[in-house]
2 protein chains.
Amino acid sequence: MSDALATIASPRRREILRLLWAGERSAGEIRAAMPDVTFGAVSQQLRTLERAGLVRVRAQGARRIYRAERAALGPLGAVLERMWADSLWRLKLAAELEASRRGPRPRRRARTARRSHRP
Amino acid sequence: MSDALATIASPRRREILRLLWAGERSAGEIRAAMPDVTFGAVSQQLRTLERAGLVRVRAQGARRIYRAERAALGPLGAVLERMWADSLWRLKLAAELEASRRGPRPRRRARTARRSHRP
DNA sequence: CAATAATTTAAGTTATTACTATAATACAAT
DNA sequence: ATTGTATTATAGTAATAACTTAAATTATTG
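Residues numbered from 1 in each chain as written. Chains lettered and ligands numbered in written order. Predicted model: local features only at pLDDT ≥ 70, side-chain atom pairs only at ≥ 80, totals over all residues. Heavy atoms only, no water.

This next bit is on helix α4 (residues 39-51) of chain A. Residue and element names in this part refer to chain A. Look at α4: 18 Å from first C-alpha to last across 13 residues, which is about the 18 Å you get at 1.5 Å a residue. Turning to α4, its buried residues are Val42, Gln45, Leu46, Thr48 and Leu49. One side of α4 carries all its buried residues, which in axial view fall inside an arc of 160°. Away from the buried face of α4 by more than 90 degrees, exposed residues Gln44 and Arg51 are located. For α4, the elements touching its buried residues are α1 (4-8), α2 (11-21), α3 (27-32), β2 (55-60) and β3 (63-68). Downstream of α4 by a residue or two, glycine 53 has a phi angle that is positive, lying close to 80°. (Helix = DSSP H or I, 4+ residues; strand = E, 2+ residues; numbered from the N terminus. Expected span 1.5 Å × (residues − 1). Buried < 20%, exposed > 50% of the residue type's maximum accessible area, 1.4 Å probe, protein only. Arc of directions from axis to C-beta. Contact = heavy atoms within 4.5 Å.)

Attention now moves to the interface of chain B and chain A. Listed per partner, the contact involves 13 residues of chain B and 13 residues of chain A. On the surface where chain B and chain A come into contact, there are zero salt bridges. Our enumeration of links across chain B and chain A arrives at zero residue pairs in polar contact (both at pLDDT 80 or more). Looking at the side of chain B that touches chain A, the elements that each hand over two or more residues are α1 (4-8), α6 (75-85) and α7 (87-99) of chain B. (Salt bridge = Lys/Arg side-chain N within 4 Å of Asp/Glu carboxyl O. Polar contact = N/O pair within 3.5 Å; in protein donor to acceptor, adjacent residues only side chain to side chain.)

The subject of this paragraph is the side chain of arginine 13 of chain A. If you trace the backbone, arginine 13 of chain A turns up in helix α2. Aspartate 3 of chain A provides the closest opposite charge to the buried, salt-bridge-free arginine 13 of chain A, at an N-O distance of 9.3 Å. (Lys, Arg positive; Asp, Glu negative; His and termini not counted.)

Superposition record for chain B on chain A: RMSD 0.0 Å, screw rotation 180°, translation along axis 0.1 Å. On this basis, the relationship between the two copies can be described by a two-fold rotation axis. Of the C-alpha atoms belonging to chain B, the one lying closest to the rotation axis is found on alanine 9 of chain B, 3.3 Å away. Taken together, the interface assignments show that 100% of the residues at the interface of chain B recur at the interface of chain A, consistent with an identical surface on both copies. (Least-squares fit on C-alpha atoms with pLDDT ≥ 70 in both.)

This part is about the packing of helix α6 (residues 75-85) of chain A against α6 of chain B. Contact pair α6 of chain A / α6 of chain B: the axes reach a minimum separation of 10 Å and the direction vectors enclose 170°. Taken together, the axes of α6 of chain A and α6 of chain B lie roughly antiparallel to each other. Residues Pro75, Leu76, Val79 and Arg82 of chain A of α6 of chain A form the contact with α6 of chain B, whose participating residues are Pro75, Leu76, Val79 and Arg82 of chain B. Considering only residue class, the contact of α6 of chain A with α6 of chain B consists of six nonpolar, no polar and two charged. (Axes fitted to C-alpha atoms, helices over the stretch in contact; angles between N-to-C directions. Parallel < 35°, antiparallel > 145°, perpendicular 65-115°, else oblique. Nonpolar A, V, L, I, M, F, W, Y, C, P; charged D, E, K, R; others polar.)

Another point: the sheet that holds β3 of chain A. Residue and element names in this part refer to chain A. With antiparallel pairing, three strands are arranged side by side in an open sheet as β1-β3-β2. If you trace the sheet from one side to the other, it starts and ends with β1 (25-26) and β2, each paired once. Both β2 and β3 contribute to a ladder of six bridges, which runs antiparallel. The residue bridging valine 57 from the neighbouring strand is tyrosine 66, located in β3. Lying over the sheet, α2 contacts β1, β2 and β3, oriented at roughly 90° with respect to β3. (Pairing = 2+ DSSP bridges.)

Among the secondary structure elements, serine 26 of chain A is positioned in strand β1. Sequence-distant contacts of serine 26 of chain A, that is, excluding residues within four places in its chain, are made with Arg63, Arg64 and Ile65 of chain A.

Let us now look at the sheet that holds strand β3 (residues 63-68) of chain B. Residue and element names in this part refer to chain B. Pairing in this open sheet of three strands is antiparallel, and the strands run β1-β3-β2 from one edge to the other. Each end of this open sheet is capped by a strand with a single partner; those strands are β1 (25-26) and β2 (55-60). Judged from the two bridges that link them, β1 and β3 form a sheet pairing that is antiparallel. Bridge pairing in β3 places serine 26 opposite isoleucine 65. Along the sheet face, helix α2 (residues 11-21) touches β1, β2 and β3 and points at about 90° away from the line of β3.

That's the geometry; what it means functionally is another story.
In structure tokens:
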């Protein structure tokens, strides 16, 4: 899915993009802004955004700094900005993030150590 | 998914919307323009578009006439129009429609009559 | 080099999507 | 009423998306 429209259709990716709109952030900072998901989840969405050309990464020590590639969005950039300015949209986003959790719900902690399935 | 962004992220729905942009069409006419899928598939996407408020239906005899609800798209309408005007985008659409066939591939015809699984 | 920190990668799970085929419905025409 | 036409509805299926946990990678630091 390297298409910009499909990429920004995801509320989670929009959330990330919104953060980066304000300025570059390390992966960790981005993750910190979304405590409801794991680092892995955020990292994956970052890669999706990258593949779509909507963000760029740069390594800085052990950190990876992401920034939004505004130009790549073209007229969609303005659409996003309008969404973000609109407080009604903001409420909708919160609702969507809650509703669109479709991966496995957080599992209860594993009770016993399990050995890895591949040696 | 009653959100406009997510709704127009689908190339198939965009194709339908594009048709309706030119003027209202019956479900049958829409279906005729997309011979690669069944009537059922088109009907479903029409319902999705309807739930998102992007199209409106009106019954005319046994026919259902659909029309695009341009206003509901807001600034996204202009984005779509730009896409459609751009010939490069047109090529991409064709590619996407081919690529994004993810339901079951057309099965070979049933060889023997099967009775229905529920009486 | 070992330990820690930051992040990515991999594999597994579940819900959703975009289809299919077929049955059901609504209206029209004979 | 029966038959035909237009369309929707339902149930089933394969692929995908968004997450999870856990392991692997890469750089920093003691």
